[in-house]
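So the chains spell out like this:
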Amino acid sequence: MTEIDARLREDVHHLGTLLGQTIQAHLGADFLERIERIRLGAKQGRKQDSAAHEELLAALQDLPDNQLLPVCRAFNQFLNLANIAEQHHRIRRRLADEPLAFEMRCVSELLSRLQAEGFSSERIMQQINTLDIELVLTAHPTEVTRRTLIQKYDAIAEALARSDHDDLTDAEREAVRQDLARLISEAWHTDEIRHHRPTPVDEAKWGFAVIEHSLWQALPQFLRRFDADTFAATGEHLQLRAAPVRIASWMGGDRDGNPNVTAPVTREVLLLGRWMAADLYLRDIDALANDLSMHAATDALRALAGDAAEPYRAVLKQLKARLLATREWAKAALSEEVAPDAVVLQSLEELRDPLEACYQSLVDLGMRRIAHGPLLDTLRRVNAFGLGLVKLDIRQDAARHAAVFSELTQYLDLGDYAHWDEQARCDFLLQELHSRRPLLPGAWQPSAEVAEVLATCRVVASQPQLMLGSYVISMASHPSDVLAVKLLLKETGVQWPMRVAPLFETLADLDHAADAIDRLLSLQDYRALVGDEQEVMIGYSDSAKDAGTLAAGWAQYRAQEALVKVCQQHGVHLRLFHGRGGTVGRGGAPAHMAILSQPPGSVQGQLRVTEQGEMIRFKFGLPGIAIQSLQLYASAVLEASLLPPPAPEPAWRELMQRLADRSVTVYRGVVREEPQFVEYFRQATPEQELARLPLGSRPAKRRSQGGIETLRAIPWIFAWTQTRLMLPAWLGAGQALQEALDAGEDAMLQEMMARWPFFLARIEMLEMVLSKADAGISRFYEQRLASPELWPLGEKLRAALEQATQVILELRGTQVLLAHNPSLGESVAVRNPYTDPLHLLQAELMARTRAQGESIDPDLERALLVTVAGIAAGMRNTG
């Protein structure tokens, strides 16, 4: 074990000891001893000690109802503390002889490699200055931890950082220990589970808090490091207005299947963003006014400052007055409709120009060091966060837009839009798009659903352009889906060209995405409206749920290739938007690997991608972690743009297609065609219980009635993750790969792994998810909860899991999973003694609560929900 691993284990042990002391103080030594016996029993059970395992089961099943909740809480809290220690470990102070982490050297190493490949400094800087990475924070219900606990966990991480010095005095070290003990005690005495489902506004506030407490500091620090690496390699600095990374959001704008996101909610979230942005900038301006006391200034700055003795402070004072007015207006507008007066900031230039004037004056007068201090940090925040912290996307289902025109055309006696063919729809929409007369009659009183769509568009119309991102159309499949939104925006008063992005989600829609975009771009009247850029969103979650991850991944790859080709033929810049989830089953993957495995030509200096649920906290929740994540994104997008991966050989494509076809047949053969499958899913997983968990503002189903097809991708993945079968992430892939090996394709598969980043990424993601799967735990859920007639199906699924594991081991040439990534293997292993009891307790609690029917003991239900949160913490992802 290396010294650095020892430091992590020491932190985990230290936090666990403090938690134990808290538990003992609250519940007594006997209870703590019982917890320790359960933990040791789980640890021995992992060593194939069947007697220890049986003893553990007996101990858990004998727990009286009143002890189930505190036992669950104890293991849940330990797993959260282990996560904190691991996150801190990633960003802790390095030892003198310790190499720099890859996340912190990836940019500088890439720049050296680019120069070795013959790229000139000019070409490298041209690409860097135009990098366009937009991270879209989404409120998918996968963040199980309450915001109040997250704040306490962040404070624990800060205390760990304070202790990470060799020169602390005994008194200083004891002070840190006392702080940690207090914070852990506060966390223990805080309810882990929300009693009420968060509203969309609550979710948006959570997203704003991530920016305030982490990204606000991290982004300019990342850019300082990025600029330093760039200057060291090329002798040039980033351009002043370069914004390699920007932040957008779906929180409060994503209304697809969520009736709780309404036009008033969207308006409130936009105003909250304006209020918080103004408040954060005011803190910056106050600090800058304190710093910039210089009297020497250029004529240009003095023209803004007047005859003030301290011109920089005078200019900042004017800006402060406008920010104060903006904040007060936003606050007032939250309560009632208040029009902004001329003092309220309405454009990025009004915020940026005074700051740039100060910067330029300092540079021109030889005070570059001062200009490149906090003032430059603030300018970079302005470029990244704008006037509203995030650009808000709007998302709505294509059917809701069609319903507007169906009602409208019937009201106008034009027939029923819903029954028109595609050509008739496009002709009508294009004609109205170019018409100068209004289409919406003043006396028309549409249905509530149609009125809501129109009200949302009117909220968009009431905002400055820089507050909004893209309008995303779920379940899009035809050009008319895009034209319908364009017309709705025009008719509701949107004066600027909002990006409209069709989202292709299912396997069939992905296969036909390029054809739909080709037909759209072939409409000359459409090109006149949108110019030379088209955004397209690729769906990962629903396509994986529809077809399995292997077939979905290949469909996404081919769709991107075809879209790149179509847009090149039309002379249009393609902006791809990747709708990835946190888990492999929903398109998740380590960002660096995922970007570098995209098709050649699909990145081109630009990336737009969703960051979902708990992954936002794991990747951006602490400033140090956020800096590392931003480094990985920037280096990967730069590399994929200048050194794109090779296009796959025809033989690789042919084999990949056969693998995908076979895997989807196997996947659907189980999920859609196995008659017992739905019943098995309902009985052997906590799918029913998850619907009661107040995670996000969105319902678990798109429709209240129906089977698997109506279930959202998130609870679908979440349920299988909780039981450790992880089925959606590997089902179909193992059998398809095994059959390829049996057919003598092993040499070809090895060649694809060695030379095709896309295929290697698929294999590595499969290996990672299989390392988290556990057949024994899955079997325990089944035997405790499912009817015996369903058990043979469970054995069949576990046999498929074992087949997938063996084929990955054979392809990787190892005896154990994650042999190539021992740190991840260690991360999973160190959590197992704490997650195993939670799995067993969860199954026991599910059995007890299901037996109670409708009259569930609230303490037992709370204990069950704590196990869900704890397992999610142990697995490091949920849905």
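Position numbers for residues start from 1 in each chain and track the written sequence from start to end. With pLDDT at 70 or above as the cut-off, local features in this predicted model cover only qualifying residues; side-chain atom pairs require 80 or more to be listed or tallied, and sums for whole chains, interfaces and linings still use all residues. With hydrogens and water stripped out, all remaining heavy atoms of the structure feed into the side-chain values.

(A) Broad picture of the pattern of salt bridges. We define a salt bridge as a contact between a side-chain nitrogen of Lys or Arg and a carboxyl oxygen of Asp or Glu at a distance within 4 Å. Overall, the coordinates contain 63 salt bridges when judged by the stated rule. The salt bridge partner of Arg-499 is Glu-535, with a shortest N-O separation of 2.6 Å. Of the two residues, Arg-499 is situated in strand β5 (residues 499-504) and Glu-535 in strand β6 (residues 533-539); the sequence distance between them amounts to 36 residues. Here Arg-499 falls in the partly exposed class, since its relative accessible area comes to 22%. Three labels apply to residues, based on accessible area from a 1.4 Å probe with only protein chains included: buried if under 20% of the type maximum, exposed if over 50%, partly exposed otherwise in between. Look at Glu-535 and you get buried, because its relative accessible area is 3%. Ionic pairing is found between Arg-658 and Glu-654, a salt bridge with its closest N-O pair at 3.3 Å. With Arg-658 and Glu-654 both in helix α27 (residues 650-671) and four residues apart, the pair spans about one turn of that helix. Through salt bridges with shared partners, one network takes in Glu-134, Asp-393, Arg-499, Glu-535 and Arg-608. Helical segments are the DSSP runs of H or I of at least four residues, strand segments are the runs of E of at least two, and each set is numbered from the N terminus.

(B) Expanded view of the sheet that holds strand β3 (residues 391-397). For two strands to be treated as a pair, DSSP must find no fewer than two bridges joining them. Strand order around the closed barrel formed by eight strands is β1-β2-β3-β4-β5-β6-β7-β8, with parallel pairing between neighbours. Within the sheet, the average angular offset between the axes of one strand and its neighbour, ignoring direction, is 25 degrees. In terms of strand pairing, strand β7 (residues 573-579) meets strand β8 (residues 606-612) through two bridges, oriented parallel. The partner of Phe-577 across the bridge, within β8, is Arg-608. Inter-axis angles, ranging from 0 to 180 degrees, are taken between N-to-C directions of lines fitted to C-alpha atoms, where helices are fitted over the stretch in contact.

(C) Representation of the pairing of β8 in the model. Taken across its seven residues, β8 has seven buried, putting it largely inside the fold. With burial as the criterion, each face of β8 is covered, one bearing Gln-606, Arg-608, Thr-610 and Gln-612 and the other bearing Leu-607, Val-609 and Glu-611. Direction of pairing for strand β1 (residues 132-138) relative to β8: parallel, over a ladder of seven bridges. Counterpart to Val-136 in the pairing with β8 is Thr-610.

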